Amino acid sequence: MDMTAKEFVKERYPNARAERQVKGMIKGMQEVYYLIRDGRNTMYMASGKSESNAWVNAKKYILEREQQ
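Conventions adopted
Within each chain, residues carry numbers counting from 1 in the order of the written sequence. At least 70 in pLDDT is required for a residue's local features to be given in this predicted model, at least 80 for side-chain atom pairs to be given and counted, and no such filter applies to totals for whole chains, interfaces and linings, which use all residues. Calculation of side-chain values draws on the structure's entire complement of heavy atoms; hydrogens and water are dropped beforehand. Any Lys or Arg side-chain nitrogen located within 4 Å of an Asp or Glu carboxyl oxygen qualifies as a salt bridge. Relative accessibility under 20% of the residue-type maximum defines a buried residue, over 50% an exposed one, and the middle range a partly exposed one, all with a 1.4 Å probe and only protein chains included. Strands are runs of DSSP state E lasting at least 2 residues, helices are runs of H or I lasting at least 4, and numbering of each runs from the N terminus. The convention used is that axes are lines fitted to C-alpha atoms, helices contributing only their stretch in contact, and that angles between N-to-C directions extend from 0 to 180 degrees. Throughout, the term roughly parallel applies to angles under 35 degrees, roughly antiparallel to angles over 145, roughly perpendicular to angles from 65 to 115, and oblique to all others. Crossing handedness: left-handed means the near helix sits turned counterclockwise from the far one by under a right angle, and right-handed means the same turn made clockwise. Should any heavy atoms of two residues lie within 4.5 Å, those residues are counted as being in contact. Amino acid classes used here: Ala, Val, Leu, Ile, Met, Phe, Trp, Tyr, Cys and Pro are nonpolar; Asp, Glu, Lys and Arg are charged; the rest, including Gly, are polar.

**A few points about the pattern of salt bridges**
In step 1: If you walk through the whole model with that rule in mind, you get 6 salt bridges.
In step 2: Here Arg 12 ties to Glu 11 by a salt bridge, and the two come within 3.4 Å at their closest N and O atoms.
In step 3: Its relative accessible area of 33% is what places Arg 12 among the partly exposed residues.
In step 4: Where Glu 19 meets Arg 37, a salt bridge forms, and the shortest distance between an N and an O atom there is 3.0 Å. With Glu 19 in strand E1 (residues 16-23) and Arg 37 in strand E2 (residues 31-38), this residue pair connects regions lying 18 residues apart in the sequence.
In step 5: Classification of Glu 19 by relative accessible area gives buried; the value is 17%.
In step 6: Salt bridges here are not isolated pairs; linked through shared partners, they connect Glu 11, Arg 12 and Glu 66.

Written out as C-alpha cells, the structure reads:
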C-alpha cells in the first residue's frame, strides 16, 4: 500500500503540521493557502493552494533534499 504525502512527511518529520493562512484584508478578495511546518519552526518547508497540495509539495521538498 502506498502511503500518502502527509504520511510520508510525518514519518520523517513527526512534528510536521499544516497551517492555514489567509492573504488579503477584504472579505471575498482573500486568498487562502497552506504552509507545512516542522513543529513550531518559523521557516516552512512547503506551501500549497490546498492542504493536500501543501503536503505533496513538502514530500517533493524532502525527496529533493535527500538526493543532494
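**Section: the packing of helix H1 (residues 5-12) against helix H2 (residues 51-67)**
In step 1: Across the interface, H1 lies against H2 with an axial gap of 8 Å and an inter-helix angle of 50°. One finds that H1 runs oblique with respect to H2. Taken as a pair, H1 and H2 cross one another with a handedness that is left-handed. For the pair H1 and H2, contact is made by Ala 5, Lys 6, Phe 8, Val 9, Lys 10 and Arg 12 and by Glu 51, Trp 55, Val 56, Ala 58, Lys 59, Ile 62, Leu 63 and Glu 66, respectively.
In step 2: Looking at the contact of H1 with H2, its residues break down into 8 nonpolar, no polar and 6 charged.

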